[in-house]
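Observations on the three-dimensional arrangement
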Amino acid sequence: MDEVGIPLQAFGALLHSQNIGMVCRALNMYQVAAAYTQVSGGNPLEPMADQVRGVAREILSRPPAEADEDFRAGFDHVSALNVLTVLAEPADAELIAAVLENTTNDEIRAVAKLAAATAHA
């Protein structure tokens, strides 16, 4: 397997994990890689963009996670919305608007506004 395929395969395993913490870690990794694009000239995880966007949409289509000993309430929605600040498309605007309308979490609201701006750009 080529050197690019191995990290993408590992990233894909995280992204599609049954553990929501691992999924959110993958979303956050994509967000960081996208930010590095400005410095390095490319996002090595770009080939996974459609899958990342799909996972983020799936997370936002259900209620935010409850707080537990490892995570704060809504951490999954924050991760999904963070990645959509980079990947949102016009088709995501309605879903993001629904999150904005239904959340009482200030952090989720703030990140949703950024994602909505990307969706409308």
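A brief look at the structure comes next. (Residues numbered from 1 in each chain as written. Predicted model: local features only at pLDDT ≥ 70, side-chain atom pairs only at ≥ 80, totals over all residues. Heavy atoms only, no water.)

Secondary structure assignment for the chain yields 6 helices and 0 strands. When the elements of the chain are put in sequence order from the N terminus, they spell out α-α-α-α-α-α. By the compact-globule yardstick of 14 Å for 121 residues, the chain fits well, its C-alpha radius of gyration being 14 Å. Viewed in the frame of its principal axes, the chain has a C-alpha envelope of about 45 × 35 × 25 Å. Counting only residues that meet the buried cut, the chain has 39% of its 121 residues in that class. Counted over contacts in the chain with a minimum sequence separation of 6, partners at least 24 positions apart contribute 59%. Counting only carbon and sulfur atoms, one obtains 55% of the accessible surface of the chain, whose full area is about 7,000 Å². If you average the places of the 7 positive and of the 16 negative side-chain charges in the chain, the two averages end up 5 Å apart. (Helix = DSSP H or I, 4+ residues; strand = E, 2+ residues; numbered from the N terminus. Rg over C-alpha atoms; globule rule 2.2 N^0.38 Å. Buried < 20%, exposed > 50% of the residue type's maximum accessible area, 1.4 Å probe, protein only. Contact = heavy atoms within 4.5 Å. Areas by Shrake-Rupley, 256 points an atom, 1.4 Å probe, with all protein chains shown as cover. Lys, Arg positive; Asp, Glu negative; His and termini not counted. Charge placed at Lys NZ, Arg CZ, Asp CG, Glu CD.)

Below, the discussion takes up helix α6 (residues 106-120). In a regular helix each residue adds 1.5 Å, so 15 residues correspond to 21 Å; α6 covers 21 Å between its end C-alpha atoms and thus fits that length. When α6 is considered as a whole, its buried residues turn out to be Ile 108, Val 111, Ala 112, Ala 115, Ala 116 and Ala 119. The buried side chains of α6 occupy one side of the element, clustering within an arc of 150° when seen end-on. Turned more than 90 degrees from where α6 packs its buried face, Asp 106, Lys 113, Leu 114 and His 120 sit exposed. At its buried positions, α6 is contacted by α4 (75-87) and α5 (93-102). Its side-chain oxygen 2.8 Å from the backbone nitrogen of Glu 107, Asn 105 forms the N-cap of α6. (Expected span 1.5 Å × (residues − 1). Arc of directions from axis to C-beta. Polar contact = N/O pair within 3.5 Å; in protein donor to acceptor, adjacent residues only side chain to side chain.)

Once that is clear, we can look at the environment of Asn 82. The residue Asn 82 is located in helix α4 in this model. Sequence separation between Asn 82 and Glu 58 is 24 residues, and the spatial gap between their C-alpha atoms is 14 Å. Apart from the residues within four sequence positions on either side, Asn 82 is in contact with Gln 31 and Val 111.

Before going further, it helps to examine the environment of Ala 13. In this structure, Ala 13 sits in helix α1 (residues 5-15). When the C-alpha positions of Ala 13 and Ala 26 are compared, they lie 8.9 Å apart, and in sequence the two are 13 residues distant.

Take the nonpolar core next. Counting residues in each nonpolar core, the largest one holds 34 residues, and the members touching the most others are Tyr 30, Val 52, Leu 81 and Ile 96. Mapped by element, the contributors of at least two residues to this core are α1, α2 (20-40), α3 (49-60), α4, α5 and α6. Those residues in contact with Val 52, other than ones at most four positions away along the chain, are Phe 11, Leu 15, Leu 27, Tyr 30, Val 83 and Leu 87. (Core = buried A, V, L, I, M, F, W, Y, C linked by side-chain atoms within 4.5 Å.)

Read these as layout, nothing more, since geometry by itself doesn't imply function.
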